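# Examining the three-dimensional arrangement
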Amino acid sequence: MEWVITMMTLVAGCVTIAWFIRDVRKENSKILKSMLDVQKTSLDVQREMAQILVKIEEGQREGFRMLSEDMTKLGAIFERVCVIFERVSLADR
């Protein structure tokens, strides 16, 4: 009779261990899926941020181009003003 109880206990222990392993694998699978979802979301956010940064860079590049053009125009205007002041100062002499 002890032999039957020992065998039943061993079988019950093996079944318990198998269920435990199955449950742990299911839980790990759920956790891994949620981690994958978080990583996908993070990747999407990073892509959107990269696109925003590209647009900002393009805007800055356009702004610097316009500033350069404006500075060139201002330089030409200042040169004209200097010529006018020279003429005025020569006329005053």
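Note that the structure is predicted; figures quoted are calculated from it, not measured. (Residues numbered from 1 in each chain as written. Predicted model: local features only at pLDDT ≥ 70, side-chain atom pairs only at ≥ 80, totals over all residues. Heavy atoms only, no water.)

### Some thoughts on the pattern of salt bridges
- Inspection of every chain in the model, using the stated rule, returns five salt bridges.
- When the shortest N-O distance is used, the salt bridge between arginine 65 and glutamate 69 registers 2.4 Å. Of the two residues, arginine 65 and glutamate 69 both sit in helix 1 (residues 2-92), four residues apart, roughly one turn of that helix.
- Residues joined in a network through salt bridges with shared partners are Glu62, Arg65 and Glu69. (Salt bridge = Lys/Arg side-chain N within 4 Å of Asp/Glu carboxyl O. Helix = DSSP H or I, 4+ residues; strand = E, 2+ residues; numbered from the N terminus.)

### Structural notes on the environment of alanine 91
- As for its placement among the helices and strands, alanine 91 is situated in helix 1.
- Since its relative accessible area comes to 63%, alanine 91 is described here as exposed.
- Sequence spacing of alanine 91 and valine 15 is 76 residues, and the spatial spacing of their C-alpha atoms is 112 Å. (Buried < 20%, exposed > 50% of the residue type's maximum accessible area, 1.4 Å probe, protein only.)

### What to know about the environment of isoleucine 5
- Counting through the fold element by element, isoleucine 5 comes out in helix 1.
- Between the C-alpha atom of isoleucine 5 and that of glutamate 69, which follows or precedes it by 64 residues, the distance is 95 Å.

### What to know about a nonpolar patch on the surface
- Taken together, the side chains of Phe64, Leu67, Met71, Leu74, Ile77 and Phe78 define a hydrophobic patch exposed on the protein surface, amounting to about 620 Å² of accessible area.
- The residue leucine 74 is located in helix 1 in this model.
- When its relative accessible area of 37% is taken as the criterion, leucine 74 is described as partly exposed. (Patch = residues over 30% accessible without salt bridge, like charges linked within 9 Å, V, L, I, M, F, W, Y side chains within 5 Å. Areas by Shrake-Rupley, 256 points an atom, 1.4 Å probe, with all protein chains shown as cover.)

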